[in-house]
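Spelled out, the chains give:
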Protein chains: 2
Amino acid sequence: MEEKEMLLEEIISLVEQRKLGKIKEILSEMNEADIAPLFEELEEKDIPVIYRVLPKDLASEVFAYMESETQELLIKSFSDTELKQVIDNLWLDDTVDIIEEMPANVVARILKTASPTVRKQINELLNYPEDSAGSIMTVEYVSLNKDLTVAEAFKKIRHEGVDKETVYTCYVTEKRRLIGTVSVRDLLIASEEQQVSEIMETNVISVHVNEDIENVGRTFSKYDIMALPVVDNDDRIVGIITVDDIIDVIEEEATEDIEKMAAITPTDKPYLKTDVFSILLTRIPWLLLLMISATLTGGIITSFEDALTAFPALVAFIPMLMGTGGNAGGQASVTVIRGLAIGEVELRDVFRVLWKEIRVSVLCGVVLSVAGFVKILLIDNLLLNAGVSMREAVVVSITLALTVFFSKVIGCTLPILAKKLGLDPAVMASPFITTLVDVVTLVIYFIVASKILTI
Amino acid sequence: MEEKEMLLEEIISLVEQRKLGKIKEILSEMNEADIAPLFEELEEKDIPVIYRVLPKDLASEVFAYMESETQELLIKSFSDTELKQVIDNLWLDDTVDIIEEMPANVVARILKTASPTVRKQINELLNYPEDSAGSIMTVEYVSLNKDLTVAEAFKKIRHEGVDKETVYTCYVTEKRRLIGTVSVRDLLIASEEQQVSEIMETNVISVHVNEDIENVGRTFSKYDIMALPVVDNDDRIVGIITVDDIIDVIEEEATEDIEKMAAITPTDKPYLKTDVFSILLTRIPWLLLLMISATLTGGIITSFEDALTAFPALVAFIPMLMGTGGNAGGQASVTVIRGLAIGEVELRDVFRVLWKEIRVSVLCGVVLSVAGFVKILLIDNLLLNAGVSMREAVVVSITLALTVFFSKVIGCTLPILAKKLGLDPAVMASPFITTLVDVVTLVIYFIVASKILTI
């Protein structure tokens, strides 16, 4: 990190001294993924100047790694020729990613510079629904005819490979239908006269173009593959997804799930690049909803006001009981939500999950109940002199056990129920569970209290 | 899913009828990653029988995908020759993964069957610390001499490639020091007489053998690479990590973070395979700790008992205020924790984060404060006839604003502070924040109440 800042300072001072040759020398030795972030720190007026210093090929690669604001700024400074050069050098799926973030006039300019074939491909890719396999695939793959010999296949790969995102898996097609795959490794090991059909793998893993990218990520992690062919309804290959794009997808999906679990509306934008108002919009609706739903807990307390006036010590345990319930329920819900997300838990496992959580919650409940009882007698009464009666301690202790039981049962059931209803299980995490559990906890507390303390 | 169950039923009925030929026919057409889970559902006595039906090569591949209990059961049923056959066919990093889960006597048997060279390599790999690059790398890569011609390089790849986990990136070494990489794609495009040194990439991305795997994952996602060389202190290549292993690492790291955020001690074991007592152990310490720390909130409430008796309506708002504080703080902390985990937020960004959260929290606080005030007047008083006085409503409303402010500030600061102290930021998520925020909320509530209601 220190290094990055020193480098940035050096470059800025070189910009001021207009020593562009020296900058070119430094940047040419660097990796594109390291150069791109430097541009985010430069002053706007310097960005196009420094960008033009980069060697052509490196420039396009750096461009693909930039934030969309910087890309937009650069495109606006490009001549049509410069724009065409950059776009021609980009992989088609990167171009589509960039276009998706640009305002309409910039999109129009990009499409104008593209060749008619590329323009058609871009438009097709743009039409796939967000978060579908089609939206992240590229159409730049090598397809082979099954009757080619290994030598002919290599000739085709050598000829076409420069423009393809991966050459290491080639797709064997017949009337565009995907009938097999063959890896360059298999081709290298085979003898030159063998036919592709003899060495191809016919048991092909593929995904449908409308498949959700979360499942695409799971397919990659399940089968340990480098590239995945994407097919349409008639099993015709329409594109491929490469593993490098999937790493980002898996990270983004995990981030989205984590955000939903914390009652935040997910966004694609990096936190530090998001303005305050946009952050507010991702958070405030949930806070409002949860605040208003807490009216219920208020109502329950109000209706038990007499009991609380008679036994004021009971009030002091409300936060502890609700907190423990929320934490216990949150543990169960988050475990199940993550299990569903990575495919460890399936819908049909609902009773196995429930049975497991019931046993865990009984054990948890007993331990906490005993510990809670001892805590009241030792810490609250002896140390803090709180004067909690034995009967009140029993009420709290029984409530703890019951709360933990119901919290965990609710926590493990709701995400599965949500999934069954076609909703996102991640939303059923701690904040929602907590609100529900708060109500359950209070009801249990007051029922137990009224029985034991005969209110 | 349906399909999987039907297949399983078919296989079980074929096992009962001892129609092993038919089973072989079905399984031979399937992918190893789909076959392995079937074994987890079979009865123990049938597992070795069905396993022996598989063609040799497929059998080893299936073996690598099995759960460790099943692997152990199989190894115990293997003759030494069978064991050697399986181990010889496995990639070295998979063998090491398997060994790490086996009891000592099984490990001894595996090491005995391995050749002295392989045994030495296994022992070296086993010695790298858990979660280090060394612990997940493989030593099966292709290394090339810089003076080879392209034709000679291909000859070497053809000769050695069968036993290497990837051949698509080859590593150019000089006295074992890594001086460059060359991809098969570049070799294919180059002319046969060119030398490796002419076409190799000298700007090599590599990681140190002790690097944390979380950072290794980040390196893959940053540079979009398929394989990453691992080097020692003297820049000598000691192994490579391939992207398929990294996908699992990224998923596991995300799962671990999510578990920590929900106050669960992370484990590697799949939820449904973990016994009830082990689950209990991952959860109960946190619940106990959080329960006992809630003593503080109880103490605060007790010390304000007189105020609560004088204004009983105040009690009803405690859950709502604490809930809102917890949710607001949780949003901020989870955002920062995830930002730190994926490298979007760095330690040096602490003041940028704080300044952003301060502005967000002021806006959030004002909105919630106004909404809370309106809610009390409309829902609580008009609809539910709660009889909250205007002064009490003002107390709640001001407390809301202050609570949200402090919760978000605490929520965004603690994870960064934890990281600075070398602790895991993920532990500073909702449950911990909530406990702290509960205390802060109550203190604010009673201070505001005593000022405005002049208690």
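Treat the numbers as computed from the prediction; the structure is a model and nothing was measured.

What chain A contains, in helices and strands, is 24 helices and six strands. Taking 455 residues into account, the globule formula puts the C-alpha radius of gyration at 23 Å, and chain A, at 30 Å, lies well above it. On the principal axes, the C-alpha backbone points of chain A span a range of 90 × 65 × 35 Å. For chain A, the proportion of its 455 residues judged to be buried stands at 54%. The long-range fraction of contacts in chain A, counting pairs at least 24 apart against all pairs at least 6 apart in sequence, stands at 68%. Looking at chain A as shown, the accessible area adds up to about 19,700 Å², and 56% of this sits on carbon and sulfur atoms. When the 41 positive and 71 negative side-chain charges of chain A are each reduced to one mean point, those points stand 3 Å apart.

Below, the discussion takes up the nonpolar core. The nonpolar side chains of a soluble globular protein tend to be buried with one another. Membership of the largest hydrophobic core comes to 124 residues, with the highest contact counts inside it found for F39, Y51 and F63 of chain A together with F39, Y51 and F63 of chain B. A294 of chain A together with I300, V353 and V388 of chain B belong to the second-largest nonpolar core, a separate cluster that totals 94 residues.

Moving on, we get to the relation of the copies chain B and chain A. Under the fitted operation, chain B is carried onto chain A by 0.0 Å of movement along the axis and a turn of 180°, and the coordinates agree to an RMSD of 0.2 Å. Between the two chains, the operation in question is that of a two-fold axis. Most of the interface of chain B is mirrored in chain A, where 100% of its interface residues again form contacts.

What follows covers the interface of chain B and chain A. Taken together, the contacts link 111 residues of chain B with 111 residues of chain A. In this assembly, chain B packs against chain A so that about 10,400 Å² is buried in total across both faces, 66% of it on carbon and sulfur atoms. In terms of surface lost to chain A, no three residues of chain B exceed R185, Y271 and L272 of chain B, which account for 8% of the buried area on that side. At the surface where chain B touches chain A, the tally comes to four salt bridges.

All names here are of chain B. Counting across every chain of the model gives 19 aromatic pairs over all chains. With centroids separated by 6.1 Å and ring planes inclined at 35°, the aromatic side chains of F63 and F78 adopt a geometry described as tilted. Within this pair, whereas F63 is found in helix 5 (residues 56–65), its partner F78 is found in the loop between helix 6 (68–77) and helix 7 (80–89), the two being separated by 15 residues in sequence. Looking at F78, the relative accessible area reads 7%, which means it is buried. An angle of 80° between the planes, with centres 6.1 Å apart, marks the rings of W286 and F432 as edge-to-face. Taken together, the positions of W286 in helix 17 (residues 276–293) and F432 in helix 24 (residues 430–452) put the pair 146 residues apart, joining distant regions of the chain.

Attention shifts here to the pattern of salt bridges. All names here are of chain A. With the rule as written, the count across this model stands at 38 salt bridges over all chains. Close ionic contact of K269 with E69 constitutes a salt bridge, the shortest N to O distance being 3.5 Å. Within this pair, whereas K269 is found in the loop between helix 16 (243–261) and helix 17 (276–293), its partner E69 is found in helix 6 (residues 68–77), the two being separated by 200 residues in sequence. For K269, a relative accessible area of 39% translates into the label partly exposed. Look at E69 and you get partly exposed, because its relative accessible area is 40%. Salt-bridge contacts for E124 lead to K120; the nearest nitrogen and oxygen are separated by 3.5 Å. Note that E124 and K120 are positioned in helix 10 (residues 116–126) at a spacing of four residues, about one turn of the helix. One salt-bridge network, in which partners are shared between bridges, spans K146, D147 and E174.

Moving on, we get to helix 23 (residues 390–420) of chain B. Helix length check: helix 23 of chain B, at 31 residues, gives a terminal C-alpha distance of 45 Å against a target of 45 Å (1.5 Å per residue), a fit within 8%. Backbone geometry just after helix 23 of chain B places G422 of chain B at a positive phi near 80°.

All names here are of chain A. Of all the seven residues making up strand 3 (residues 177–183), six are buried; the element is thus mostly covered by neighbouring parts of the structure. By the bridge criterion, six bridges tie strand 2 (residues 169–174) to strand 3 in an arrangement that is antiparallel. Bridge assignment links T169 to a residue of strand 3, and that residue is S183. Where strand 2 folds back onto strand 3 in an antiparallel hairpin, the turn is made up of two residues, including K175, whose phi is positive at roughly 50°.

Looking now at a negative patch on the surface. Residue and element names in this part refer to chain A. Negative charge collects at one region of the surface, where D97, E100, E101, E130, D131, D212, E252 and D268 lie side by side. Considering each element in turn, the negative patch owes the most residues, three residues, to helix 8 (residues 92–101). Of note, D97 is situated in helix 8. Note on D97: relative accessible area 37%, which makes it partly exposed.

A word on the side chain of S135 of chain A. Residues and elements named next belong to chain A. Topologically, S135 is positioned in helix 11 (residues 133–136). From its side chain, S135 meets the backbone oxygen of S132 in a polar contact 2.7 Å long. Beyond its immediate stretch of four places on either side in the chain, S135 contacts Y128, P129 and E130.

Attention now moves to the sheet that holds strand 5 (residues 227–231) of chain B. Neighbouring strands of a sheet are bound in pairs by backbone hydrogen bonds; such pairs are parallel or else antiparallel. Residues and elements named next belong to chain B. Taken together, three strands build an open sheet; the order of strands is 4-5-6 and the sheet is mixed. Strand pairing shows two members of the sheet lacking a second neighbour, strand 4 (207–208) and strand 6 (237–242), which therefore form its edges. Relative to strand 5, strand 4 is paired through two bridges, and the arrangement is parallel. Paired with V207 across the two strands is V230, which belongs to strand 5. Against the sheet, helix 15 (residues 213–223) touches strand 4, strand 5 and strand 6, its axis set at about 135° to strand 5.

This part is about the packing of helix 17 of chain A against helix 21 (residues 318–341) of chain B. Running from amino to carboxyl end, helix 17 of chain A crosses helix 21 of chain B at an angle of 155°, the nearest separation of the two axes being 9 Å. As judged from the angle between their axes, helix 17 of chain A and helix 21 of chain B are roughly antiparallel. Crossing hand, helix 17 of chain A versus helix 21 of chain B: right-handed. Along its contact with helix 17 of chain A, which presents R283, W286, L287, L290 and M291 of chain A, the element helix 21 of chain B presents M320, T324, N327, A328, Q331, A332 and T335 of chain B. For the contact of helix 17 of chain A with helix 21 of chain B, the class distribution of residues is seven nonpolar, four polar and one charged.

Scoring rules and cut-offs
- Residues numbered from 1 in each chain as written.
- Chains lettered and ligands numbered in written order.
- Predicted model: local features only at pLDDT ≥ 70, side-chain atom pairs only at ≥ 80, totals over all residues.
- Heavy atoms only, no water.
- Helix = DSSP H or I, 4+ residues; strand = E, 2+ residues; numbered from the N terminus.
- Rg over C-alpha atoms; globule rule 2.2 N^0.38 Å.
- Buried < 20%, exposed > 50% of the residue type's maximum accessible area, 1.4 Å probe, protein only.
- Contact = heavy atoms within 4.5 Å.
- Areas by Shrake-Rupley, 256 points an atom, 1.4 Å probe, with all protein chains shown as cover.
- Lys, Arg positive; Asp, Glu negative; His and termini not counted.
- Charge placed at Lys NZ, Arg CZ, Asp CG, Glu CD.
- Core = buried A, V, L, I, M, F, W, Y, C linked by side-chain atoms within 4.5 Å.
- Least-squares fit on C-alpha atoms with pLDDT ≥ 70 in both.
- Buried area = accessible area lost by both parts, 1.4 Å probe.
- Salt bridge = Lys/Arg side-chain N within 4 Å of Asp/Glu carboxyl O.
- Phe/Tyr/Trp six-rings, centres within 6.5 Å; stacked < 30°, edge-to-face > 60°.
- Expected span 1.5 Å × (residues − 1).
- Pairing = 2+ DSSP bridges.
- Patch = residues over 30% accessible without salt bridge, like charges linked within 9 Å, V, L, I, M, F, W, Y side chains within 5 Å.
- Polar contact = N/O pair within 3.5 Å; in protein donor to acceptor, adjacent residues only side chain to side chain.
- Axes fitted to C-alpha atoms, helices over the stretch in contact; angles between N-to-C directions.
- Parallel < 35°, antiparallel > 145°, perpendicular 65-115°, else oblique.
- Left-handed = near helix turned anticlockwise from the far one by under 90°.
- Nonpolar A, V, L, I, M, F, W, Y, C, P; charged D, E, K, R; others polar.

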